[in-house]
Amino acid sequence: MKIAVLPGDGIGIEIVEEAIRVLGALDLSFETETALVGGAAYEAHGHPLPDATLKLAKEADAVLFGAVGDWKYDKLERSLRPEQAILGLRKNLGLFANFRPAICYEELVDASSLKPELIAGLDILIIRELTGDIYFGQPRGRRSAPDGHFPGAEEAFDTMRYSRPEIERIAHVAFQAARKRSKRVTSVDKANVLETFQFWKDVVTDVATEYPDVELDHMYVDNAAMQLVRAPKKFDVVVTGNMFGDILSDEAAMLTGSIGMLPSASLNASNQGLYEPSHGSAPDIAGKGIANPLATILSAAMMLRFSLNQPEAADRIESAVKHVLAQGLRTADIWSSGSKKVGTREMGDAVVAALSLSTIKKTTTG
Ligand code: NAD
């Protein structure tokens, strides 16, 4: 098993280090190879996704990614900005399905800004289409407006588009995921206004006929944004397009208390995947040793489950994370009075220690 390790920028470096230590504490053998990506790659090689990094990612069974970006790169031309590395990886690896589970751990119910009764026991899965929609549609650019309210004025435009096969494949992913959960899918669209999303709704409805055991409902994105904070537990699997998924998955992340807790997986048709925390490079806290590494550690668990066929090892990591939370250990982002504040390294140490506990338990219980 070969893992391409791309820590990136800011806290990416600190949190990936902890995830690698946790993987190293498992009794599995991996080959890991680390490469630069994002701002770090731009500084060293003049491009956020150098050819060597892309080659490594393509050849590996899975990619463990930290985060990229820093405000100091905001003035660079768009194609050279660190965030372009993520888009390039998604496109080149064909990573069309993004899984973002939003789980509220019992111990962190008080870390959410919502009332405990709304989020206790929350376990939803947002599946976002990742390689289409307005983020990739052509044409796009700036021009002199040919028509509209101000003909001749400078304007900018993007193109929202989805083809039938693109919608079909993400719908299949969602229905299949729902079969392993509570067999409910909510497809989020904006069919009342956008042609692209009327088409999305029609195609998802067609695919649903192949899954008669799964209940499908449709919801407009504005209503979904509202329902996510009003009654989030009503959702189970949510499937949506690239832009709506980008926004709703961050909203769902905050339901659970901190974006520092949420892993994600982006998969292609052959289950090769890129695994990363849902948050960014957090330049405001980078280098301080206070970032929460748990989202990245949980992303490594998703990697073991989805791409490396090691579900037991994934379970062990997830149990170890629950164990350290039950011990009352908290990084600053999830800290509340009465719990013990720890830094990035101490949190990693605690997960590693909890993993060895699970091995001992396994041995003694036979
Ligand atoms: P961010 O997610 O980096 O940070 C938002 C807030 O959450 C900050 O206050 C930060 O300190 C906090 N935070 C994030 N992760 C945390 C963690 N693990 N532990 C504790 N606190 C955490 O988003 P931003 O500030 O909007 O963006 C910063 C940079 O990251 C930008 O350059 C942006 O483009 C980039 N970005 C990258 C990715 C990615 O690599 N996938 C995703 C989003 C943003």
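Residues numbered from 1 in each chain as written. Predicted model: local features only at pLDDT ≥ 70, side-chain atom pairs only at ≥ 80, totals over all residues. Heavy atoms only, no water.

## Comments concerning the layout of surface pockets
Moving on, step 1. One number sums up the size of the largest pocket: a volume of about 1,100 Å³.
Moving on, step 2. Looking at the lining of the largest pocket, the elements that each hand over two or more residues are helix H4 (84–93), strand S4 (97–103), strand S6 (141–144), strand S7 (154–157), helix H9 (242–255), strand S11 (263–267) and strand S12 (273–277).
Moving on, step 3. Considering each element in turn, the lining of the largest pocket owes the most residues, seven residues, to H4.
Moving on, step 4. Residue composition of the lining of the largest pocket, grouped by class: 13 nonpolar, 13 polar and 15 charged.
Moving on, step 5. Summarising the domain contributions, the lining of the largest pocket has at least three residues from each of domain 1 (1–96 + 268–366) and domain 2 (98–263).
Moving on, step 6. By volume, the second largest pocket is sized at about 940 Å³. (1 Å grid on protein atoms, 1.4 Å probe; cavity = no way out; pocket = protein on both sides within 12 Å on 5 of 7 lines; lining within 4 Å. Points joined across faces, edges and corners; volume = space filled by probe spheres on them. Helix = DSSP H or I, 4+ residues; strand = E, 2+ residues; numbered from the N terminus. Nonpolar A, V, L, I, M, F, W, Y, C, P; charged D, E, K, R; others polar. Domains from an automatic or database assignment.)

## Concerning the packing of aromatic side chains
Moving on, step 1. Applying the stated rule across the entire model yields seven aromatic pairs.
Moving on, step 2. Pairing Phe 197 with Trp 200 gives two aromatic rings, centres 5.5 Å apart and planes at 40°, and the pair type is tilted. Of the two residues, Phe 197 and Trp 200 both sit in helix H7 (residues 195–208), three residues apart, roughly one turn of that helix. Here the two residues Phe 197 and Trp 200 agree in accessibility, since each one is buried.
Moving on, step 3. Every member of this aromatic cluster is reached through a ring pair, and the members are Tyr 162, Phe 197, Trp 200 and Phe 244.
Moving on, step 4. The ring centre of Phe 157 lies 3.8 Å from the NZ or CZ of Arg 143, which sits over that ring.
Moving on, step 5. If you follow Arg 169 out to its NZ or CZ, it ends over the ring of Phe 96, 4.1 Å from the centre. (Phe/Tyr/Trp six-rings, centres within 6.5 Å; stacked < 30°, edge-to-face > 60°. Buried < 20%, exposed > 50% of the residue type's maximum accessible area, 1.4 Å probe, protein only. Lys NZ or Arg CZ within 6 Å of the ring centre and 35° of its normal.)

## Regarding empty space enclosed by the protein
Empty space left among the atoms is revealed by rolling a probe the size of a water molecule over them.
Moving on, step 1. Scanning the entire structure with this criterion turns up one cavity of 30 Å³ or more.
Moving on, step 2. Counted as a void, the largest cavity has a volume near 40 Å³.
Moving on, step 3. In terms of lining, the largest cavity is formed by Arg 100, Pro 101, Ala 102, Ile 126, Ser 249, Ala 252, Ala 253, Leu 262 and Ser 278.
Moving on, step 4. Among the residues forming the lining of the largest cavity, the class breakdown is six nonpolar, two polar and one charged.

## A short note on the side chain of Asp 236
Moving on, step 1. For Asp 236, the position within the fold is in the loop between helix H8 (221–230) and strand S10 (237–240).
Moving on, step 2. Sequence-distant contacts of Asp 236, that is, excluding residues within four places in its chain, are made with Asp 123, Ile 124, Leu 125, Arg 181, Ser 182 and Arg 184. (Contact = heavy atoms within 4.5 Å.)

## Quick look at the sheet that holds strand S3 (residues 62–67)
Moving on, step 1. Reading across the sheet, the 10 strands line up as S2-S1-S3-S12-S11-S4-S5-S10-S8-S9 and stay open at both edges, with mixed pairing between neighbours. Since the sheet does not close on itself, it has two edges, and those belong to strand S2 (31–34) and strand S9 (215–220), each with one partner. Strand after strand, the sheet turns through a mean of 20° between neighbouring axes, direction not considered.
Moving on, step 2. Strand direction decides the pairing type here: S11 and S12, joined by five bridges, are antiparallel. (Pairing = 2+ DSSP bridges. Axes fitted to C-alpha atoms, helices over the stretch in contact; angles between N-to-C directions.)

Note that all results are geometric; they support no functional claim without further evidence.
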